[in-house]
Every structure is written in C-alpha cells, then in structure tokens.
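Residue-level structural notes
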There are 2 protein chains.
Amino acid sequence: MNFCSNCGTRVVLKVPKGDHLPRHVCPNCGAIHYVNPKIVVGSVPEYQGRILLCRRGIEPRRGFWTIPGGFMENDETMEAGAAREAVEEALIQVEIGSLLLLANVTSARQVHVFFRSRMLTPAFGTTPESLEVKLIDTSEIPWNELAFPSTEYALRRYVEDRAAGVERYHVAEMQRRF
Amino acid sequence: MNFCSNCGTRVVLKVPKGDHLPRHVCPNCGAIHYVNPKIVVGSVPEYQGRILLCRRGIEPRRGFWTIPGGFMENDETMEAGAAREAVEEALIQVEIGSLLLLANVTSARQVHVFFRSRMLTPAFGTTPESLEVKLIDTSEIPWNELAFPSTEYALRRYVEDRAAGVERYHVAEMQRRF
C-alpha cells in the first residue's frame, strides 16, 4: 500500500496512538488503513454418498483438485457464500450443513471456513473456474493432486468423520506447503 | 474508496472480466481492490465457574459490557488473536478452548468467531480499552447492558450449554439492532 485510498496522498507506516502495530496512515486526511485476514468459504458437497470435486481452471493451483470455495463477499453470510461458490465452480445447488473445518491459513493471511453440504440434485457441470467436475466415491479422492493443504485436511476429516458416523467440526492451522 | 492504493490514480467502479460484482479498479495500473468481511475474534473467559466481562472503554458501544474480542490481525491464528484481545482488554492470560459461536454479522460486514477460554490465573485489570472488568457468576450477566447482538447470543448459548453439560458450537446470523 502506497497511497491513501481516501484522498490519494502517499501514506506513511506508523503505529497509531493507542494501537500496537504499524499501520498505513494518511498524513493528509488521517485515515488508518487496516489490512486483515480474508475469509474463504466452501463446502464438501455430497450426493447419495458420493462427493463432488472440481479441477481448478484458474490460478493458483490450476489443474489441481479442490472442493468448491472462494472468497467470502460483503453482504452475504458464510453459508450463502459457500453455496454461491458451488454454483460458480460446479453449477450445483447445495444446502449447507454442519461446520467441517475452521482453518488458520496464516501464511496466506486467510481463514478457511468449510461446511458439509448436500446437493439438491445430481446435476453438475464445468464453468470458467473449473476444468473438470466429478462426483466420486471417497475411495477415489485424488490425494496427491489436491490443490491446497486445507482441501486435503477437510477431506481427510470428512472421510474419517463419516466412517465414524459423526459430523464433528475441526479447528486447525495449515502449514505452508507450496 | 476513491484512489488506487498502489499508484494513487482515481479508481473506477466496474465489474472486472470474469467477475460478477463491481470492484474498484485502477485504470492506470490495473489493480483490483477487493473489499471483504473482517473477522472479529474473542472468547468467554472462565475462572472456576465464573466468567469475565469488560465494560467497553472505546466506541462503538462505549460503556456497555462485552467479552474480550476484536479484529483479527494478519500473521496470527484466530486463537492467538482471541488470547491477545484478552490481554489487551482485561490483562488476563487465557487458554483458548472449544468453538462457541460463528456469527454472520452481515450488516457490519464482519464474521465473529468466539471461543470458550480458561483463565490461567484469577488476575485481571482494566486497560485503556476497558472502563471496568469483572469476574461474575453467570446469574449476574447484565443482559440489558450488553454491547452487541453477538455478545448476547454467545453468552446465552454459553449459559445454556454449560447448564446442559455440553460444549456445542453455534452458527448464526445476527440481526442489526442498533
């Protein structure tokens, strides 16, 4: 950040009065520009025991497999965002269910919030965001071709929990891998 | 947002190619400035059956009671942020426990993530952010003087769950109240 988004003046980095961290502060209008972690919302969609995965059509990690998910927007709930991403990435209609994973992805300055979800119909398809979409048995998960650490973590917990007949939530910190 | 924080040029509002929402885009350097919900982290601190509340020393809702919490910073986990806020608002050392509430606060463009926490010692005190701090029985919660809808929602679920001998998590949407 170089310039004040409010008045266009070059910002300075300093600790505002009463604060404890350096922020980008505007010497002209006084605006303090905070930068905070972003929320990624998504879900593991299920239809009659099979789950849906998408092969990413965009960077980062183009060509690798993931669950439908993306940045939460303003003016939507986490559940609405996760359902929106399911449409945008796989053309599926889902009902969001229980919380699966709350992941600290500190290296990317993100928090990932993943739910379980239920596909309302078996219909799905590719979109500009996905090269390929498939509905698979959990035994067919391509563990070595998953896009992100949180994708793998969420799917491993999903599989374990389902085998145990429970729907637990998990809080975890993802390690940088790529 | 009026100016590009990267190069200082006046931004325009438009839907970038492949996107579905209007964003502030720089016509000079091409930067797209996304604005997303912010995360507030906090906890309900407990010490030998009593819980700790703070009376806010800063706006918004100065003078009203709340649990220690605040904006999550970059480069920290949710749990670390919640523990940091407990120090900043009440000078307490806590161990973060189970997830209590994941709240959509859409009107404020925030997500609140509240945990249960355990005070490691009974020591507490006021800070520039708190006018008053107290360790109270749950029967003494000042229900009519709480700062935010999420404060009340978290405390009600906390009390109910404790009475039931469980530590559930809750996902909810907060209604604008003030």
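For the structure, see preceding data.
Residues numbered from 1 in each chain as written. Chains lettered and ligands numbered in written order. Predicted model: local features only at pLDDT ≥ 70, side-chain atom pairs only at ≥ 80, totals over all residues. Heavy atoms only, no water.

1. Considerations on the overall build of chain A
Along the backbone of chain A there are two helices and 11 strands. Viewed in the frame of its principal axes, chain A has a C-alpha envelope of about 60 × 35 × 30 Å. Counting the 178 residues in chain A, one finds 52% classified as buried. Relative to all contacts within chain A whose residues are 6 or more apart in sequence, the contacts with residues 24 or more apart total 60%. Positive and negative side-chain charges of chain A, numbering 21 and 21 respectively, have mean locations separated by a distance of 8 Å. (Helix = DSSP H or I, 4+ residues; strand = E, 2+ residues; numbered from the N terminus. Buried < 20%, exposed > 50% of the residue type's maximum accessible area, 1.4 Å probe, protein only. Contact = heavy atoms within 4.5 Å. Lys, Arg positive; Asp, Glu negative; His and termini not counted. Charge placed at Lys NZ, Arg CZ, Asp CG, Glu CD.)

2. Looking at the relation of the copies chain A and chain B
Superposing chain A onto chain B requires a rotation of 180° together with a translation of 0.0 Å along the rotation axis, leaving an RMSD of 0.0 Å. Classification of the inter-copy transformation places it as that of a two-fold axis. Same-surface contact between copies: 100% of interface residues of chain A are shared with the interface of chain B. (Least-squares fit on C-alpha atoms with pLDDT ≥ 70 in both.)

3. A few points about the interface of chain A and chain B
Taken together, the contacts link 40 residues of chain A with 40 residues of chain B. Between chain A and chain B lies a buried interface of about 3,600 Å² when both sides are counted; carbon and sulfur atoms form 53% of it. For the chain A face of the interface with chain B, the top three residues by lost area are A:Glu73, A:Asn74 and A:Tyr169, together amounting to 16%. Along the contact surface separating chain A from chain B lie four salt bridges. Inspection of the chain A/chain B interface yields 24 residue pairs in polar contact (both at pLDDT 80 or more). With five residues, strand β8 (residues 94-105) of chain A is the single largest residue contributor to the side of chain A that touches chain B. Partitioned by chemical class, the residues of the side of chain A that touches chain B number 19 nonpolar, 11 polar and 10 charged. (Buried area = accessible area lost by both parts, 1.4 Å probe. Salt bridge = Lys/Arg side-chain N within 4 Å of Asp/Glu carboxyl O. Polar contact = N/O pair within 3.5 Å; in protein donor to acceptor, adjacent residues only side chain to side chain. Nonpolar A, V, L, I, M, F, W, Y, C, P; charged D, E, K, R; others polar.)

4. Observations regarding unusual backbone geometry
Residue and element names in this part refer to chain A. Glu 59 connects to Pro 60 through a cis peptide bond whose omega is 0°. When you line up the elements, Pro 60 lands in the loop between β5 (50-56) and β6 (65-66). Here the phi dihedral of Gln 48 falls at roughly 45°; this positive angle occurs in a residue that is not glycine. Within the secondary structure, Gln 48 sits in the loop between β4 (38-47) and β5. On the accessibility criterion, Gln 48 (68% relative accessible area) is exposed. Not every positive phi belongs to a glycine, and Arg 61 is a case in point at roughly 65°. Inspection of the secondary structure assignment puts Arg 61 in the loop between β5 and β6.

5. Comments concerning the pattern of salt bridges
Where charged atoms from two side chains of opposite charge come close, those side chains can pair. Residue and element names in this part refer to chain A. All chains considered together, the criterion is met by 24 salt bridges over all chains. Here Glu 132 ties to Arg 55 by a salt bridge, and the two come within 2.9 Å at their closest N and O atoms. Here Glu 132 is found in strand β10 (residues 130-136), whereas its partner Arg 55 is found in strand β5, with 77 residues between them in sequence. Residue Arg 55 is classed as partly exposed on the basis of its relative accessible area, which comes to 25%. Here the residues in one salt-bridge network are Glu 76, Arg 84, Glu 85 and Glu 88, joined through shared partners.

6. Considering the packing of aromatic side chains
Under the criterion given, the structure shown has one aromatic pair over all chains. Over the ring of B:Tyr153 we find B:Arg157; its NZ or CZ atom is 4.5 Å from the centre of that ring. (Phe/Tyr/Trp six-rings, centres within 6.5 Å; stacked < 30°, edge-to-face > 60°. Lys NZ or Arg CZ within 6 Å of the ring centre and 35° of its normal.)

7. Structural notes on helix α1 (residues 78-90) of chain A
Residues and elements named next belong to chain A. Taking 1.5 Å per residue, 13 residues should reach 18 Å; α1 reaches 18 Å between its end C-alpha atoms and fits that length. Of the positions making up α1, those classed as buried are Met 78, Gly 81, Ala 82, Arg 84, Glu 85, Ala 86, Glu 88, Glu 89 and Ala 90. Among the residues trailing α1, Leu 91 stands out with phi positive, at a value near 55°. (Expected span 1.5 Å × (residues − 1).)

Read these as layout, nothing more, since geometry by itself doesn't imply function.
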